[in-house]
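Commentary on secondary and tertiary structure
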Amino acid sequence: MITKAQIRKLIQTAARARRRAHAPYSKFHVGAAVIGGSGKLYGGCNVENASYGLTVCAERTAVFNAVAAGEKKIRALAVLFHSTRLASPCGACRQVMREFGKSMPVVLANLRGGYRVRTVDDLLPDSFGPEDL
Ligand code: THU
C-alpha cells in the first residue's frame, strides 16, 4: 500500500534528484527516490560514463544511496523519466528492486505529472530472490 501523500513526496524527491543527472551522452535525465524502512526519503539520478556500458540508472543509485545510509528495507520507489510517456525501469533495476520485496510499490512518473503504480512482482514476475538461495 502506498498513499497519495507518499507518492507526491517520492515524485518530488525524484524530481530534485533528476536535476543532478549526469547524462551528457543520452541527454535522458532520470531521477528516482525511495522510502527507506526508517521512513526517510533518498534520491538518485542516472550517472553515465564515457565508457557507456558503465552507466548506472537512477533507480539503482537511489536504492544504493538508501542502503549506504544504513537502511535495511526499501518500502517504495518512484522513478521520473525524461519523457512525456510513461516509461518503465530497465531489467537490471527491476532485479535490484526485487531484492527488497516482491510487493514493493513502484511509481512510474513522467514529465507531464502523470504516473502509474506497479509492484515489483508486476514488473518482474516469476523472479529470483533471496529466498531462493
Ligand atoms: N535509465 C535510467 O536511469 N533508468 C531506467 O530505468 C532506464 C534508463 C538511464 C540510463 C541512461 O543514462 C539513460 O537513462 C538512457 O538509457
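Here the structure is a predicted model, which is why all the values come from computation and not from measurement.

Quick notes on the rules
Residues numbered from 1 in each chain as written. Predicted model: local features only at pLDDT ≥ 70, side-chain atom pairs only at ≥ 80, totals over all residues. Heavy atoms only, no water. Helix = DSSP H or I, 4+ residues; strand = E, 2+ residues; numbered from the N terminus. Rg over C-alpha atoms; globule rule 2.2 N^0.38 Å. Buried < 20%, exposed > 50% of the residue type's maximum accessible area, 1.4 Å probe, protein only. Contact = heavy atoms within 4.5 Å. Lys, Arg positive; Asp, Glu negative; His and termini not counted. Charge placed at Lys NZ, Arg CZ, Asp CG, Glu CD. Pairing = 2+ DSSP bridges. Right-handed = clockwise from strand over helix to strand, strands pointing away. Near = heavy atom within 4 Å. Polar contact = N/O pair within 3.5 Å; in protein donor to acceptor, adjacent residues only side chain to side chain. Areas by Shrake-Rupley, 256 points an atom, 1.4 Å probe, with all protein chains shown as cover. Nonpolar A, V, L, I, M, F, W, Y, C, P; charged D, E, K, R; others polar. Axes fitted to C-alpha atoms, helices over the stretch in contact; angles between N-to-C directions.

So, the overall build of the protein chain
Along its length, the protein chain carries 4 helices and 5 strands. If you list the helices and strands of the protein chain from N to C, you get α-β-β-α-β-α-β-β-α. Here the C-alpha atoms of the protein chain give a radius of gyration of 14 Å, agreeing with the 14 Å that 2.2 N^0.38 yields for 133 residues. Projected onto its principal axes, the C-alpha coordinates of the protein chain cover approximately 40 × 35 × 30 Å. Burial analysis of the protein chain (133 residues in total) assigns 42% to the buried set. For the protein chain, the proportion of contacts with a sequence separation of at least 24, taken over those separated by at least 6, is 61%. Side chains of the protein chain carry 20 positive and 9 negative charges; the gap between the two charge centres is 13 Å.

A few points about the pairing of strand E1 (residues 31–36)
Most of E1 is tucked away, with 6 of its 6 residues classed as buried. Going residue by residue along E1, you find Gly31, Ala33 and Ile35 tucked away on one face and Ala32, Val34 and Gly36 tucked away on the opposite face as well. Inspection of the sheet shows E1 paired to strand E2 (residues 41–45) by 5 bridges, in the antiparallel sense. Within E2, the position partnered with glycine 31 by the bridge is cysteine 45.

A look at the pairing of strand E3 (residues 74–80)
The buried fraction of E3 is high, at 6 of 7 residues. Where E3 lies against strand E4 (residues 105–109), 4 bridges are found, and the strand directions are parallel. By the bridge assignment for E4, valine 79 is matched with leucine 108. Taken together, E3, helix H3 (residues 91–98) and E4 form a β-α-β motif whose crossover is right-handed.

Considerations on the site of the ligand
All residues in the neighbourhood of the ligand are listed as Ser26, Phe28, Val30, Asn46, Glu48, Thr55, Cys57, Ala58, Glu59, Phe81, Pro89 and Cys90. Contacts to the ligand include asparagine 46, whose side-chain N or O atom sits 2.9 Å from an oxygen atom. Alanine 58 has a polar backbone atom sitting 3.0 Å from an oxygen atom of the ligand. About the coverage of the ligand: the protein hides 79% of its 370 Å² of free accessible area. Looking at the shell around the ligand residue by residue, the class counts come to 7 nonpolar, 3 polar and 2 charged.

Brief notes about the sheet that holds E4
Hydrogen bonds between backbone groups are what pair the strands of a sheet, and the pairing can be parallel or antiparallel. Read across the sheet, 5 strands follow the order E2-E1-E3-E4-E5 without closing on themselves; strand pairing throughout is mixed. The sheet is open, and its two borders are formed by E2 and strand E5 (115–119), each paired with just one other strand. Pairs of neighbouring strands in the sheet enclose a mean axial angle of 20°, with direction left out of account. Pairing analysis gives 5 bridges linking E4 to E5, with the strands arranged antiparallel.

Geometric descriptors of this kind do not, in isolation, establish any biological role.
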